[in-house]
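Residues per chain are reported as follows:
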Amino acid sequence: MTDSEIKKAKIKNAVYLLIMLSVSGMVGLLAHFLEFDRQQAMSCSIFIMIIMATLLFWQFRLAIAFVGIGVLMGTNVLTLPTFIRECKIDVILFLVGMMVTVGVLKELGLFTWIIQSVITIPHITGTTFVIIIAGLGAFMACAVDEVTSIVFIATLVFQVCDTLKIRPTPFIIVGVLGTNVGSSGTMLGNPVGILIGQKATPPLSFVDFITWSFPIMLVTLTVTILILLYWFRKDIKMLSERLNARRQLGLGLGPLVKVPYKSGLAVLIGMITFIALHHYIELKLGLAPNTVLIVAPLVIAGLLMLWRHERARHYIEADVEWWTLLFFMMLFAVAGTLEETHVSTRIAGYFQQAFGDKLSLLIPAVIGISAVGSAFVDNIVFVAAFMPVVNKLGHTSLLWALLHGACLGGNITMIGSTANIVALGMLEKRYRTHIYFFEWLKVGAVVGVVSCLIAWGGIAILSPYMPSQNERHTARQTATENTEVLKPQSTQSSQSNNSLPATENLEGSEEK
């Protein structure tokens, strides 16, 4: 970098720093004029500063989050016990277990086998290929997570496009959009899923996601694929022509190697089955909600590390994204101060003043706000801040509105989700090419708006059949009591005491 470029970079960073501090300060002043107390104004100001940091100083976001935590603690807005409680170590441990397991699955050749299975499909056409990469991206995101999914979808796209000598950009966009849609299908698809599941009052289970979110995801995915088939019809036609020409020459789409995939496939099926049954196992054993859900990936990761003990340290050091997880912890703690200082309660009150208690207004409002926010800032920021608000509003359907808005909004811009950024980085590294902001925005906005409208319709249709917050709590208590009949008296007393706070939190909240 030349001296001139260094000087320009310093000026740009200084301007960005000024903007970040100005916006943060203005939010603090606005909160003061709205008669927020000092602690509420400080928590709002620091939260906005971290949001601005993710926009303007992406590579420094963790450092700025550390500083923000220090300021909150130094001003007594955030106490150490609150920090420890709000940094959501349960969510972090779940993600650690998943990352280690996915790292082992990669080494076991599972994803290589999936890629080879696709490129050996006979008589594949451009249309079939687009359906496969969008659908495979979606279902892999449901089974593992969006980042792992897009890494392997991008690898598949690169192999096919290199062989056929066609532009990979349209197919990378197809894979990313499909992956983001699929990430709303289960609790495993996106970190916001596990956060919503854990922070919901009472917590949601894996089966809840399959029952209420997965069907909406399937409809959304189908419509998304139809839009993409039309949008990229010229590129798809070219791919079909190249495939046909290569087929006539008797050539395949790449070299094939024999991959011993069965052990990896067995691990994946076992893990998903274990997680899918977590609610029933917890009831059977009388465990707290989502105990098995959180512990299952850790136990499986531990067993895999014992099995492949010579690689155990590598899985922890290389496959776990510690930078991202630490950022999540700081973010959860800062978002927790909004709840601790009752900012969330006031925002929930403003929501009710603006939209009343009508789900016909609240559902599109939550989807729209979370989608627009997630289009420009990491979606977990908005989910972490909005969860207390949604819990205060007390409608189960708003949990699903928040999930779909946060996941589908990530499709609108090229920086809208982690999967987008990972895919664009891989494309840039391999081909030295870029996708321009408006090139993505044109198709991303269409898919984002249409998919959010479908999610709105799906949630509105299913909403009357969804259990209310109190009904979910009653069902869980009834199941727990049935289990406790078979348990020793001392254990019953312990479980009963543990359930009291949840009951207190539910006063006055009813599904309308």
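For clarity, every value in this text was computed on a predicted model and none was experimentally measured.

Let us look at the packing of helix α20 (residues 359–376) against helix α22 (residues 396–409). In the contact formed by α20 and α22, the axes pass within 7 Å of each other and the chain directions differ by 30°. By the angle class used here, α20 and α22 are roughly parallel. The chirality of how α20 crosses α22 is right-handed. Residue-level inspection shows Leu359, Leu362, Ile363, Val366, Ile367, Ser370, Ala371, Ser374 and Ala375 of α20 in contact with α22, the latter providing Ser397, Leu398, Ala401, Leu402, Gly405, Ala406 and Gly409. Per-class residue counts for the contact of α20 with α22 are eleven nonpolar, five polar and no charged.

In total, this model carries five aromatic pairs according to the counting rule given. For the pair Phe158 and Tyr431, a centre-to-centre distance of 5.4 Å together with 70° between the ring planes defines the contact as edge-to-face. Placement of Phe158 in helix α8 (residues 146–164) and of Tyr431 in helix α23 (residues 418–431) is noted, with a sequence separation of 273 residues between them. Owing to a relative accessible area of 4%, Phe158 belongs among the buried residues under this scheme. Judged by relative accessible area, Tyr431 falls into the partly exposed class, the value being 25%. The lysine or arginine in question, Arg233, covers the ring of Tyr230, its NZ or CZ lying 4.2 Å from the ring centre. Sitting over the face of the ring of Trp307, Arg308 holds its NZ or CZ atom 5.8 Å from the ring centroid.

Glancing now at empty space enclosed by the protein. All told, the structure shown has three cavities of 30 Å³ or more when counted by the stated rule. Of the volumes computed, that of the largest cavity is approximately 40 Å³. Forming the boundary of the largest cavity are Phe111, Ile114, Ile115, Leu136, Met140, Phe152, Ile153 and Leu156. When residues of the lining of the largest cavity are traced back to their parent elements, those giving at least two are α6 (110–119), α7 (126–143) and α8.

Attention now goes to the side chain of Ser24. When you line up the elements, Ser24 lands in helix α1 (residues 3–33). Reaching out from Ser24, the side chain makes a polar contact with the side chain of Ser45 at a distance of 2.8 Å. If we ignore the near neighbours within four places in the chain, the residues touching Ser24 are Ser45, Ile46, Ile48 and Met49.

Another aspect to go through is the nonpolar core. One finds Phe129 and Phe171 to be the most contacted residues of the largest nonpolar core, which totals 156 residues. The contacts of Phe129, once residues within four sequence positions are left out, are Ile124, Leu156, Val157, Val160, Phe171 and Leu239.

Tallied over the entire structure, the rule returns eight salt bridges. The salt bridge partner of Asp162 is Arg430, with a shortest N-O separation of 2.5 Å. On the criterion of sequence distance, the pair formed by Asp162 in helix α8 and Arg430 in helix α23 is long-range, its members being 268 residues apart. For Asp162, a relative accessible area of 30% translates into the label partly exposed. The class of Arg430 is partly exposed, set by a relative accessible area of 47%. Between Arg313 and Glu317 there is a salt bridge, with the nearest N and O atoms lying 3.1 Å from each other.

The next thing to look at is the environment of Ile272. Summarising the element assignment, Ile272 is placed in helix α14 (residues 262–276). With relative accessibility at 26%, the residue Ile272 sits in the partly exposed group. Between the C-alpha atom of Ile272 and that of Pro297, which follows or precedes it by 25 residues, the distance is 9.4 Å.

Another point: the layout of surface pockets. For the second largest pocket, the calculated volume is near 750 Å³. Lining the second largest pocket are 33 residues; nearest its centre among them are Met99, Asp145, Val147, Glu321 and Thr418. Mapped onto the lining of the second largest pocket, the elements with two or more residues apiece are α5 (89–107), α8, α10 (191–199), α17 (312–319), α18 (322–340), α21 (379–393) and α23. The leading source of residues in the lining of the second largest pocket is α5, at seven residues. Split by residue class, the lining of the second largest pocket holds 20 nonpolar, six polar and seven charged.

A word on the side chain of Ser183. With respect to the helices, strands and loops of the structure, Ser183 is situated in the loop between α9 (169–182) and α10. A polar contact of 2.6 Å, which involves the side chain of Ser183, links it to the backbone oxygen of Asn180. Setting aside anything within four residues of it in sequence, one finds Ser183 in contact with Ala141, Glu146, Gly189, Asn190 and Cys407.

When the terminal C-alpha atoms of helix α2 (residues 38–56) are compared, their 27 Å separation across 19 residues agrees well with the 27 Å that a helix rising 1.5 Å per residue should span. The N-terminus of α2 is capped by Asp37, whose side-chain oxygen sits 3.2 Å from the backbone nitrogen of Gln39.

This part covers the environment of Val118. Tracing the sequence through the fold places Val118 in helix α6. A C-alpha to C-alpha distance of 17 Å links Val118 and Lys262, two positions 144 residues apart in sequence. The residues contacting Val118, other than those within four sequence positions of it, are Ile124, Ile132, Leu136 and Leu156.

Looking now at the packing of α9 against helix α24 (residues 437–462). Closest axis-to-axis distance for the α9/α24 pair is 12 Å, and the angle between their directions is 35°. Considering only the axes of α9 and α24, their crossing is right-handed. Along its contact with α9, which presents Thr169, Ile173, Val176 and Leu177, the element α24 presents Glu439, Trp440, Val443 and Val447. Broken down by class, the residue content of the contact of α9 with α24 amounts to six nonpolar, one polar and one charged.

What counts, and at which threshold
- Residues numbered from 1 in each chain as written.
- Predicted model: local features only at pLDDT ≥ 70, side-chain atom pairs only at ≥ 80, totals over all residues.
- Heavy atoms only, no water.
- Axes fitted to C-alpha atoms, helices over the stretch in contact; angles between N-to-C directions.
- Helix = DSSP H or I, 4+ residues; strand = E, 2+ residues; numbered from the N terminus.
- Parallel < 35°, antiparallel > 145°, perpendicular 65-115°, else oblique.
- Left-handed = near helix turned anticlockwise from the far one by under 90°.
- Contact = heavy atoms within 4.5 Å.
- Nonpolar A, V, L, I, M, F, W, Y, C, P; charged D, E, K, R; others polar.
- Phe/Tyr/Trp six-rings, centres within 6.5 Å; stacked < 30°, edge-to-face > 60°.
- Buried < 20%, exposed > 50% of the residue type's maximum accessible area, 1.4 Å probe, protein only.
- Lys NZ or Arg CZ within 6 Å of the ring centre and 35° of its normal.
- 1 Å grid on protein atoms, 1.4 Å probe; cavity = no way out; pocket = protein on both sides within 12 Å on 5 of 7 lines; lining within 4 Å.
- Points joined across faces, edges and corners; volume = space filled by probe spheres on them.
- Polar contact = N/O pair within 3.5 Å; in protein donor to acceptor, adjacent residues only side chain to side chain.
- Core = buried A, V, L, I, M, F, W, Y, C linked by side-chain atoms within 4.5 Å.
- Salt bridge = Lys/Arg side-chain N within 4 Å of Asp/Glu carboxyl O.
- Expected span 1.5 Å × (residues − 1).

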